[in-house]
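Take a look at the letters that make up each chain.
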Amino acid sequence: MMTEEIKIFSPATVANVACGFDVLGFCLDTIGDEMVIRKTEEKGIKITKIEGYDLPFEAEKNVAGVSALAMYDALQPDCGFEIEIYKKIKPGSGIGSSSASAAGSVFGMNELLGRPLDKTKLTYYAMKGEVLASQCEHADNLAPAIFGGFTLVKSASPLQILELPTPSDLFATLIHPQIEIKTSESRAILPKEIPLSNAITQWANVGSLVHALHTSDYDLIKDALHDVVIEPYRKQLIPHFDAVKTAALEAGALGCAISGSGPSIFMLSKSEATAKEVEKTIRNVYSTTDILFETYVSKINTEGIRVI
Ligand SMILES: Nc1ncnc2c1ncn2[C@@H]1O[C@H](COP(=O)(O)OP(=O)(O)O)[C@@H](O)[C@H]1O
Ligand SMILES: N[C@@H](CCOP(=O)(O)O)C(=O)O
């Protein structure tokens, strides 16, 4: 019996980053799942353990299993794999719960097979799992989980990912109201067409944000972190979104927007001290309500998913 196995940390991620719906994302450091991937003599993919949240064990119904099967079928290795998931990121959180699992299984298998695939190929197979959760092949959570830092999905098909620089003083604050918003449902409420004037504002912001990351221009990051296309629709699903945003900006955040498809809300700040001050302020907003919530402060994780 082979005993080769590894344990990995698969990070939470913030997709969209305000203006970059389905293309921009960044990787978090303090929040993530753990997974164990093990080689077996018996062929095939089995999910043998799930802790934390109630998720399907059938490989075809769990995003970790679907991405693993896609990679397994393509590579046809002469072994099988068992997957254990220690889920810390609540499903439907807006911080890439499904993508942490989809990325984790393919990353772990690739390590155990001697790294036959590059990061873009891993993202490609992970997307096959992500589609189960969101009913759409988007890579804006997977790319930062696998590459680390900030990423831009230049094209989903053929898959092309650009790694963007991370200014060293940038810190994220998050609030995660403990309600579930399914990505598939929050995509269904979006309009199919947008006014040209909004499109112009939005692509100017994406270009500005990319330039600001390259030049560590914090004022420009502040100017660019706006979303005139998606936020007006999705914010209605998130209790007290406007109050959190107002409080965060008053406390010094560079920007504040919906994380992925929500309900989590993220802020970016210049310095850890400001990010912590922002956390204190937004906790006050939710403390006056009866909604349970968690908050986090995290540096930007430039390494991404890793063996632990
Ligand atoms: N391993 C998994 N981790 C998280 N969610 C999973 C997993 N496998 C299947 N799912 C399903 O995916 C959905 C959550 O994905 P999604 O709505 O995209 O949330 P998130 O924004 O947190 O990624 C839930 O319906 C959940 O049951
Ligand atoms: N671009 C997607 C991102 C979904 O992120 P998640 O963390 O909510 O899964 C979207 O906005 O629909």
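Residues numbered from 1 in each chain as written. Chains lettered and ligands numbered in written order. Predicted model: local features only at pLDDT ≥ 70, side-chain atom pairs only at ≥ 80, totals over all residues.

### What to know about helix α9 (residues 241-250)
Then comes step 1: All of the buried residues in α9 are F241, V244, K245, A247 and A248.
Then comes step 2: The secondary structure elements touched by the buried residues of α9 are β7 (170-177), β8 (255-258), β9 (265-270) and α10 (272-287).
Then comes step 3: In the segment just after α9, G252 is the residue with positive phi, at about 110°. (Buried ≥ 20, exposed ≤ 12 C-beta atoms within 10 Å, placed from the backbone. Helix = DSSP H or I, 4+ residues; strand = E, 2+ residues; numbered from the N terminus. Contact = placed C-beta atoms within 7 Å.)

### Here's the deal with the site of ligand 1
Then comes step 1: Taken together, 20 residues lie around ligand 1, and S97, S98, S101, A133 and T183 are the ones closest in.
Then comes step 2: Put simply, the parts of the chain that give the shell around ligand 1 at least two residues each are α1 (63-75), α2 (97-112) and α3 (119-134).
Then comes step 3: Sort the elements by how many residues they give to the shell around ligand 1 and α2 lands first, with 4 residues. (Near = placed C-beta within 6 Å.)

### Here we look at the sheet that holds β9
Strands belonging to one sheet form pairs held by backbone hydrogen bonds; the direction of such a pair is parallel or antiparallel.
Then comes step 1: Taken together, the 4 strands give an open sheet; going across it, the order is β8-β9-β7-β10, and neighbouring strands pair in antiparallel fashion. On the outer flanks of this sheet lie β8 and β10 (293-299), each paired with one strand and no other. Pairwise comparison of adjacent strand axes, ignoring direction, gives a mean angle of 20° for this sheet.
Then comes step 2: Against the sheet, α9 makes contact with β7, β8 and β9, and its axis sits at roughly 160° relative to β8, the strand it touches most.
Then comes step 3: Docked against the sheet, α10 engages β7, β9 and β10, running at close to 15° with respect to β7. (Pairing = 2+ DSSP bridges. Axes fitted to C-alpha atoms, helices over the stretch in contact; angles between N-to-C directions.)

### Quick look at the site of ligand 2
Then comes step 1: Looking at ligand 2, there are 16 residues lining it, with A15, G94, T183, G260 and S261 nearest.
Then comes step 2: Classifying every residue of the shell around ligand 2 by side-chain character gives 3 nonpolar, 10 polar and 3 charged.
Then comes step 3: Two domains each provide a minimum of three residues to the shell around ligand 2, namely domain 1 (5-164) and domain 2 (170-299). (Nonpolar A, V, L, I, M, F, W, Y, C, P; charged D, E, K, R; others polar. Domains from an automatic or database assignment.)

### Some points on the UniProt feature "domain: GHMP kinase C-terminal" (unreviewed entry) in the protein
Then comes step 1: In this numbering, the UniProt entry assigns the feature "domain: GHMP kinase C-terminal" (unreviewed entry) to residues 210-287.
Then comes step 2: Overall, residues 210-287 shows 55% helix and 13% strand. The separation of its end C-alpha atoms is 35 Å. (UniProt positions renumbered as here; feature names shortened; annotations may be inferred.)

### Overview of the domain arrangement of the protein
Then comes step 1: Splitting the protein by domain gives domain 1 (5-164) and domain 2 (170-299).
Then comes step 2: A straight line from the C-alpha centre of domain 1 to that of domain 2 covers 24 Å.
Then comes step 3: Each partner contributes residues to the interface: domain 1 has 27 residues there, and domain 2 has 34 residues.
Then comes step 4: The set of elements that each furnish at least two residues to the side of domain 1 that touches domain 2 consists of β1 (5-15), β2 (24-40), α3 and β5 (150-156).
Then comes step 5: Here the residues of the side of domain 1 that touches domain 2 are counted per class, giving 16 nonpolar, 10 polar and 1 charged.

### Some points on the packing of α1 against α2
Then comes step 1: In the contact formed by α1 and α2, the axes pass within 7 Å of each other and the chain directions differ by 35°. Note on packing geometry: the crossing formed by α1 with α2 is right-handed. Judged by residue contacts, V63, A64, S67, A68 and M71 of α1 engage S98, S101, A102, G104, S105, V106 and M109 from α2.
Then comes step 2: Here the contact of α1 with α2 is built from residues that sort into 7 nonpolar, 5 polar and no charged. (Left-handed = near helix turned anticlockwise from the far one by under 90°.)

### Re unusual backbone geometry
Then comes step 1: Residue S157 is joined to P158 through a cis peptide bond whose omega torsion reads 0°.
Then comes step 2: Positionally, P158 belongs in the loop between β5 and β6 (159-164).
Then comes step 3: In this structure, the amide linkage connecting G262 to the following residue, P263, adopts the cis form with an omega of 10°.
Then comes step 4: As for its position among the elements, P263 is in the loop between β8 and β9.
Then comes step 5: Positive phi outside glycine occurs at A18, with the angle close to 70°.
Then comes step 6: Within the secondary structure, A18 sits in the loop between β1 and β2.
Then comes step 7: Non-glycine residue S271 carries a positive phi angle of around 110°.
Then comes step 8: Tracing the chain through its elements places S271 in the loop between β9 and α10.
Then comes step 9: Judged by C-beta crowding, with 13 C-beta atoms within 10 Å, S271 ranks as partly exposed.

### Overview of the packing of α1 against α3
Then comes step 1: Where α1 contacts α3, the two axes come as close as 7 Å, and the packing angle between them is 145°. Crossing geometry of α1 relative to α3 is assigned as right-handed. Seen from α1, the contacting residues are V63, A64, V66, S67, A70 and M71; seen from α3, they are Y125, A126, K128, G129, E130, L132 and A133.
Then comes step 2: Looking at the contact of α1 with α3 residue by residue, the class counts come to 9 nonpolar, 2 polar and 2 charged.

### A look at the pairing of β8
Then comes step 1: Direction of pairing for β8 relative to β9: antiparallel, over a ladder of 4 bridges. Within β9, the residue paired with C256 across the bridge is M267.

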